[in-house]
Amino acid sequence: MIKTVKEAGLIQCDDCHKLLRLRSYKKRVKLSCPRCGSTLHQRIPNSLSHCWAYLITSVILFFPANLLPIMTFSEFGNGEPNTIMSGVVLLVEEGMLPLGLLVFVASILVPLLKIIGLLFLLLSIHGRWNVSRRRRMILYRIIEFVGRWSMLDIFVITILVALVNLGAIAQVIPGVGATAFGTVVILTMLAAHKFDSRLIWDNIND
Amino acid sequence: MNSMQIEEMVACHECDLLVKKRPVAYGEKGCCPRCGNKLYEPKKDSVSRCMAMAMSGLILIIPANFLPLVTMELLGRTEEDTLISGVLALYREDYWFVALIVFMAGSFVPFLKLLLMLFVTICLKMNLRPRSLPWLFRFYHEVDTWGMLEVYLLAILIAAVKLLDLAEILPGVGLYCFVGLLLTTILLSVNLDEAQFWKMIEDDKNG
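I will try to describe carefully the structure that is included in this document.

Reading the values: rules and limits
Residues numbered from 1 in each chain as written. Chains lettered and ligands numbered in written order. Predicted model: local features only at pLDDT ≥ 70, side-chain atom pairs only at ≥ 80, totals over all residues. Heavy atoms only, no water. Pairing = 2+ DSSP bridges. Helix = DSSP H or I, 4+ residues; strand = E, 2+ residues; numbered from the N terminus. Contact = heavy atoms within 4.5 Å. Axes fitted to C-alpha atoms, helices over the stretch in contact; angles between N-to-C directions. Phe/Tyr/Trp six-rings, centres within 6.5 Å; stacked < 30°, edge-to-face > 60°. Buried < 20%, exposed > 50% of the residue type's maximum accessible area, 1.4 Å probe, protein only.

Right, let's get into the sheet that holds strand β5 (residues 71–75) of chain A. Residue and element names in this part refer to chain A. If you trace the three strands from one edge of the open sheet to the other, you get β6-β5-β7, paired in antiparallel fashion. Edge positions in the sheet fall to β6 (81–82) and β7 (170–174), since each has one partner strand and no second. In the sheet, β5 pairs with β7 via five bridges, with the strands oriented antiparallel. Among the inter-strand pairings, glutamate 75 is bridged to a residue of β7, identified as alanine 170. Helix-sheet contacts for helix α5 (residues 152–163) involve β5 and β7, and the interaxial angle to β7 is about 140°.

This paragraph deals with the packing of aromatic side chains. Tallying each qualifying case throughout the model produces 10 aromatic pairs over all chains. With 5.3 Å between their ring centres and 40° between their planes, tyrosine 140 of chain A and phenylalanine 195 of chain A make a pair best called tilted. With a gap of 55 residues between them, tyrosine 140 of chain A in helix α4 (residues 133–146) and phenylalanine 195 of chain A in the loop between α6 (176–194) and α7 (198–201) connect regions that are remote in the sequence. For the pair tyrosine 140 of chain A and phenylalanine 195 of chain A, one class covers both residues: buried. Here the aromatic rings of phenylalanine 137 of chain B and phenylalanine 197 of chain B are separated by 5.2 Å at their centres, their planes lie at 20°, and the arrangement is stacked. Separated by 60 residues along the polypeptide, phenylalanine 137 of chain B in helix α5 (residues 133–143) and phenylalanine 197 of chain B in helix α8 (residues 194–206) bring together distant segments of the chain. Of the residues examined, phenylalanine 197 of chain B reaches a relative accessible area of 0% and is grouped as buried. Site record: aromatic cluster; members linked through ring pairs are Phe137, Tyr140, Phe197 and Trp198 of chain B.

Shown next as C-alpha cells:
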C-alpha cells in the first residue's frame, strides 16, 4: 500500500523538506518548521486559486504582448515598429532561419504552450480527469523548466537598445509590448511556482 | 510512527510519497519510485566547494556587470554594452518595469545568491550560528529561480547575430567574465547538497 506523507499523519516542510509528526494540525492554526522557521502546510494554501489568478492575468496580457510592438529598429531614419511575430518573420526573411526558429519557440510557442499546459493541469485537477498522473507530472516539470527561457526576447531588446544608439544612423527604441511581454513571462512563472504538484497525486484511490 | 521511524523516511516534495531512505554513495542519487523526482543526491565536500564557487563568482560578477560584453563598431563609432548599461538604457527610455526585470534577473539576483551562499557556507565552516542562518538559506532557495544568466548569454548571441549585417561586433572583456560567472553558478548548483546544508544548520542549533 502506497502511503503519502499526508496519509501517514505527517507533514513535510516545503522549504527545508524536514519531516515532522503532525500532532495538532488544524487548518487555521499556523505552524512553523522548527528547523527553518517556514510556515508549515500539507498543500500550498489556495494553490489553485492563486494559479488561476496569475494565469488569467497572463492570458489577458498575452494579447498586448503579441500585438503591440516590442521594439523599433531604425536605420537612417527608416524602420517600422516590430511585434514579436514580425521580428521572427524579419529574421527568417534575412536568411537566419535557425535563429528565427529559436526566437519563435522561446517567445511565442513556449508562453502559449505554458498557458495551455497550466490550464490543462488546473482543469484536470478540478474535473478529476483520468489522465496519467506521471505524464501530467512530466508536463508540469517541462513547464517549470522552460519558463525562464521566454525572457530571451526581453534581454535581446535590452542589449540592442543599449548597443544601437547612434542617433540618426541607427537606433533601437523599446515598445510598449515589451512591458506586457515581460509581465506575461513573470506571471506564468509565478503561476507554475504556486501550482502544488502534489495535488496531481491526491485522491489516487478514488 | 515514532521519531526514529520518521528519521528513516524521506518525503517526495513533488508528489508527497513517503519513501524509506536508502544509503547512497557519492555520485548516486535516490529518486521517487512514483513520480521520478530526485529525493537525495549526496555531494562530496559540498560546503567547501560551494564556498569556493561563491567566492570566485563574487569576484567575477563585478567585471561581468560593468565591463563591456560586446562592442559595436559602425562608421568609426564604437558603442559598448554592459549588463548595467542595458538596464540604464531601458530606464532612460521610460521602460522602468522592463529595466527592473532585467536588473533583477541579470544582475541583482545572481549577486544576491552568491552573497547569501558565501555567508551561509562561511557560517557552516566556522561553526557560527547566527539566528538568521536558516532564514538566509531559505531565502537563497526562494530567489534561485529568478536569476537568468544562461538566458542572458543566449540573448547576447542573438543580438550579436542580428547586428552582424549592420556593423562589426566584437566580444568585450566583460563577456569572458560573464561566461566565467555563468560557469561558477552552474558548478555551484551542481555541487550544492541542500539536505546536507539543512542537516548542518540543524546540528548547529542543537549542539
